[in-house]
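Report on the structure
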Amino acid sequence: MRYRVFLILFAVATMIGSVMAAEPSVIPTPRRYVASEGEFTITAKCRISAESAELCDAANYLASHLGIGIADKGGDITLRVDASLAREEYRLTVEQDRVVIAGGGYGGVINGITTLYELLPPSVYNTLVLPATVDCCTIEDSPRFEHRGFMLDVCRTWITKEAVMEFIDLLAYHKINKLRLHLTDDEAWRLEIKSHPELAMVGGFRGGDSPIWARYGKWSEKWGGYYTQEDMREMIAHARARNIEIMPEIDLPGHSLAMASMHPEILCSYKPDLSSTFGYDTRSAFCASKESNYELLSDILTEVCELFDTEYIHIGGDEVETSQWKRCPECKALMAAKGYTAPEQLQAYFMTRLADILAACGKRPAVWNEAIDGGRLPESTVVYGWEGVKECREAAARGYKVVVMPGQYFYFDMKQSSHEPGHDWAAIFDWRKVYGVTPAALGFTQQEQRNILGFEASFFSEAYASRNPEKPDYLHYQTFPRIVALSEVAWSGSDSRDERSFYKRMVAHYDRLDCMGVAYRLMPPVVTYENGKLSASVDDGATLYVHEVGSDVWRNYTEPITTSSPDCYLFVSRRGKALSRDVAHASYSKRLTPQFTLSSSMPQHPTMTFAKAQNYGRLARTSRTCDVGDWILYTFAQPVTCRRMVLSTGNFQLPRFIFEQGYAEISYDGKTFVHGGQLKNGAIIIDNPNRPIKAVRLVCTSRGNGDRFVSIQPPVIYPKHR
Ligand code: ACM
Ligand code: ZN
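This part takes up the overall build of the protein. In terms of regular secondary structure, the protein is built from 19 helices and 37 strands. Scaling as 2.2 N^0.38, a compact globule of 722 residues should have a C-alpha radius of gyration of about 27 Å, and the protein matches this with 29 Å. Over its C-alpha atoms, taken along the principal directions, the protein stretches across nearly 95 × 75 × 45 Å. Each of the 722 residues in the protein was classed as buried or not, and the buried ones make up 57%. With the model as given, the accessible surface of the protein reaches about 29300 Å², and the carbon-plus-sulfur share is 51%. Averaged over its 79 positive side-chain charges, the protein has a centre that lies 5 Å from the centre of its 87 negative ones.

Right, dumping it as structure tokens:
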């Protein structure tokens, strides 16, 4: 009797289970998901068919992931355009004997395919193991924002065509539909222009015999590359097949040092002061008064317009060093003739001239937010707000369509916590801050919200070049899982946020990221020390490793460590290619701040004086660049006992304003110095010195650094353990 009751209960539970299969954790959250009974099984015999020729690429894309063939018609998985749906909207119907993906247009079908991948085992992202099942359901879904973008800076770090295409695949899996390539900047020109081939062939490389100086850690070699127009067409097609539009950015009129290094005639006619830079002209803006500049830019932009099928071409407009125009007799004359009183007006003039060139090619301008400061640009201009929410709101209030990407939320080159790589000038934030974004939470009024086209994240790559850019690990670490959160906020219609529940879904999504081969960032392990026991934990299925100071190995962490020295252990977690930063008990990161004096063969900057570094405040600066034999001397009031001392020229996290080449000398008595090693990216790390250090001298062995000064950081000194 009891056995029969059990059987009935079991049957009912199984039925409920199959009808009400748990809603899968699809990111971004679909608008409507309805489960139904049963499952569809994909076997090697299944076929995909596209109901119209325009969906051929979509069918191939799906087939390549499912590992099955394509049939002209009557396939088990049907792709269809349904004119009753909006362009990117889709309806995905999974029944026991068939799957239908209907989209309003090509993009809608791809969005449906992307969701289908998430209903399948994660192996779909490398090699799907067949047979594979999908629970029956209907999903009706459409994006909240038409612009779900990502900007990749391929200038500061050269990123190959193949690597960009691999990254496009990852963006597509997250329903990102725009990729802006930042193709020109001070450090490189990355796109072939057939009418001016030298731009890419020369300007795609820096260092060595290139007129563009080495930068960002790539000092000893000529380094770089560029995309031929054929390469770009291949990338555009690859992206388009995945519902991603590649938009070019030619950053003008500032950020043009690479161009000016090849073509100094684009610059204003006044002679710059070259003495503090050994003849290096650091001016980076096109002269606004030279008609020849507009002719050159017309050649360039016309080719760009022909190559790209986008409605918009991004023409930059950020951070223009307008002091150059204030010193140029011709720019001053132009301003007087036009009745301009501010250089921003001259920039508006410049951008309008470029907008005219684009209009003649049937294109519209997209610009960074500063470009609208000096006057009205054509109504069709799209403004990319990066400086802050305020600038985004102002542009929206002035009637421009806006892509919202303030650095404080969307610059994924920023650090994710204070002890991680990246920059911090905009903010330090991880995926949680991105996930918290809604137009209302950012303070947009209803009226302003109507002008939001969507969100875009960016990855500026200054700090990537010195971090083994031949592998995508740094790019991945900085951008994932922040892109997962971007995907949710840019797609999902909801303004409500539940961070805990999103985190659980994101951890489920980690299985997919693992199969995609993404080296994403895991949340740091939580480390506690209580009653003599040091413990670490994670909640994301990752494996914990521990490293004891003085040992070379990381071993599996399995249980709390009984110790009286919690500062002697470091923990990391890993799963797949993903990893967390290393974490220690708070006592690990204690620093020493011994009194010292800073002196140098180079004079100090009048305001960023050596005292700033001496006081362990902000960094100090010299008032000229460095030459062979220049030195910086740190003399400690008392010899310092430590486990590590780091002395750095340049910016933290970014090899710039540094001694490009040099060495350190260490003194234990303040009188005699011994060799202390070569500088790496402008810094020396002295580990486990066997005696207290009285002084360290950094000596420069290279001429100049491409800038007007050298930055000097306060020392970073760690106490000895135990
Ligand atoms: C920018 O970050 N300069 C757009
Ligand atoms: Zn000028």
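Two faces belong to every sheet, and in a regular strand the side chains alternate between them. Direction of pairing for strand E32 (residues 662-667) relative to strand E33 (residues 674-678): antiparallel, over a ladder of 3 bridges. When the bridges of E33 are listed, Ile 666 appears paired with Val 674. Taking the residues between adjacent antiparallel strands as the criterion, E32 and E33 are bridged by 6 residues, where Gly 670 takes a positive phi near 85°.

A few words now on the sheet that holds strand E21 (residues 533-537). Here we have 3 strands laid out as an open sheet, ordered E20-E21-E24, and antiparallel in their pairing. What marks the edges here is a single partner per strand, and that holds for strand E20 (526-530) and strand E24 (561-562). Note that E20 and E21 share 5 bridges and pair antiparallel. Counted as the bridge partner of Glu 530 is Lys 533 from E21.

A separate point is the coordination of the zinc ion (ligand 2). Within the protein, the atoms that donate to the zinc ion (ligand 2) are Cys 268 (SG), Cys 287 (SG), Cys 328 (SG) and Cys 331 (SG), at distances of 2.2 to 2.4 Å. Every donor counted, the 4 donor atoms about the zinc ion (ligand 2) form angles of 102 to 122° at the centre, which fits tetrahedral coordination. Taking relative accessible area as the criterion, Cys 331 reaches 0% and is therefore assigned buried.

Put simply, helix H4 (residues 161-172) and helix H6 (residues 229-241) touch, their axes get as near as 10 Å, and they point 10° apart. Relative to H6, the element H4 lies roughly parallel. For the pair H4 and H6, contact is made by Lys 161, Val 164, Met 165, Ile 168 and Asp 169 and by Asp 231, Glu 234, Met 235, His 238 and Ala 239, respectively. When grouped by side-chain class, the residues that make up the contact of H4 with H6 number 5 nonpolar, 1 polar and 4 charged.

The next point concerns the sheet that holds strand E31 (residues 644-648). Read across the open sheet, the 3 strands follow the order E34-E31-E37; overall the sheet is antiparallel. Strands with a single pairing partner mark the edges of an open sheet, and in this sheet they are strand E34 (683-687) and strand E37 (716-718). Averaged over all pairs of adjacent strands, the angle between strand axes in this sheet comes to 5°, irrespective of strand direction. Here 3 bridges tie E31 to E37, and the two strands are oriented antiparallel to one another. Bridge assignment links Val 646 to a residue of E37, and that residue is Val 716.

Negative charge collects at one region of the surface, where Glu 319, Glu 344, Asp 373 and Glu 387 lie side by side. Within the secondary structure layout, Glu 387 lies in the loop between strand E17 (382-385) and helix H12 (389-397). Assessed through its relative accessible area of 34%, Glu 387 is described here as partly exposed.

Inspection of the entire model under this criterion finds 44 salt bridges. Here Asp 707 and Arg 215 are joined by a salt bridge, their closest N and O atoms 3.7 Å apart. Here Arg 215 lies in the loop between strand E12 (205-206) and strand E13 (223-224) and Asp 707 lies in the loop between strand E35 (693-700) and strand E36 (711-712), a separation of 492 residues in the sequence. Classification of Arg 215 as buried rests on a relative accessible area of 5%. Each of Asp 153, Arg 156, Asp 185, Glu 187 and Glu 462 takes part in one network of salt bridges that share partners.

Right, let's talk about the state of the cysteines for a bit. This structure, assessed with the given rule, holds 0 disulfides. Cys 305 provides the cysteine sulfur closest to Cys 361, a residue in no disulfide bond, and the two sulfurs are 3.9 Å apart. Counting only cysteine sulfurs, Cys 626 is the nearest neighbor of Cys 700, a cysteine outside any disulfide, at a range of 4.0 Å. On the basis of relative accessible area, Cys 700 is assigned to the buried category, the value being 1%.

Right, let's get into the packing of aromatic side chains. Tallying each qualifying case throughout the model produces 34 aromatic pairs. An angle of 50° between the planes, with centres 6.4 Å apart, marks the rings of Phe 150 and Phe 412 as tilted. On the criterion of sequence distance, the pair formed by Phe 150 in strand E8 (residues 147-153) and Phe 412 in the loop between helix H13 (407-410) and helix H14 (431-435) is long-range, its members being 262 residues apart. In this structure Phe 412 comes out as buried when scored by relative accessible area, which is 0%. Both rings, one in Tyr 510 and one in Tyr 520, keep their centres 4.7 Å apart while their planes meet at 40°; by these two values the pair is tilted. Of this pair, Tyr 510 sits in helix H18 (residues 499-516) while Tyr 520 sits in the loop between H18 and E20; the two residues are 10 residues apart in sequence, bridging distant segments of the chain.

How each quantity is defined
- Residues numbered from 1 in each chain as written.
- Chains lettered and ligands numbered in written order.
- Predicted model: local features only at pLDDT ≥ 70, side-chain atom pairs only at ≥ 80, totals over all residues.
- Heavy atoms only, no water.
- Helix = DSSP H or I, 4+ residues; strand = E, 2+ residues; numbered from the N terminus.
- Rg over C-alpha atoms; globule rule 2.2 N^0.38 Å.
- Buried < 20%, exposed > 50% of the residue type's maximum accessible area, 1.4 Å probe, protein only.
- Areas by Shrake-Rupley, 256 points an atom, 1.4 Å probe, with all protein chains shown as cover.
- Lys, Arg positive; Asp, Glu negative; His and termini not counted.
- Charge placed at Lys NZ, Arg CZ, Asp CG, Glu CD.
- Pairing = 2+ DSSP bridges.
- Donors = N, O, S within 2.8 Å, 3.2 Å for Na, K, Ca; no water.
- Tetrahedral: all angles 85-135°; square planar, octahedral: opposite > 155°, others 65-115°.
- Axes fitted to C-alpha atoms, helices over the stretch in contact; angles between N-to-C directions.
- Parallel < 35°, antiparallel > 145°, perpendicular 65-115°, else oblique.
- Contact = heavy atoms within 4.5 Å.
- Nonpolar A, V, L, I, M, F, W, Y, C, P; charged D, E, K, R; others polar.
- Patch = residues over 30% accessible without salt bridge, like charges linked within 9 Å, V, L, I, M, F, W, Y side chains within 5 Å.
- Salt bridge = Lys/Arg side-chain N within 4 Å of Asp/Glu carboxyl O.
- Disulfide = S-S within 2.5 Å.
- Phe/Tyr/Trp six-rings, centres within 6.5 Å; stacked < 30°, edge-to-face > 60°.

By themselves, these are just geometric observations and shouldn't be taken as functional.
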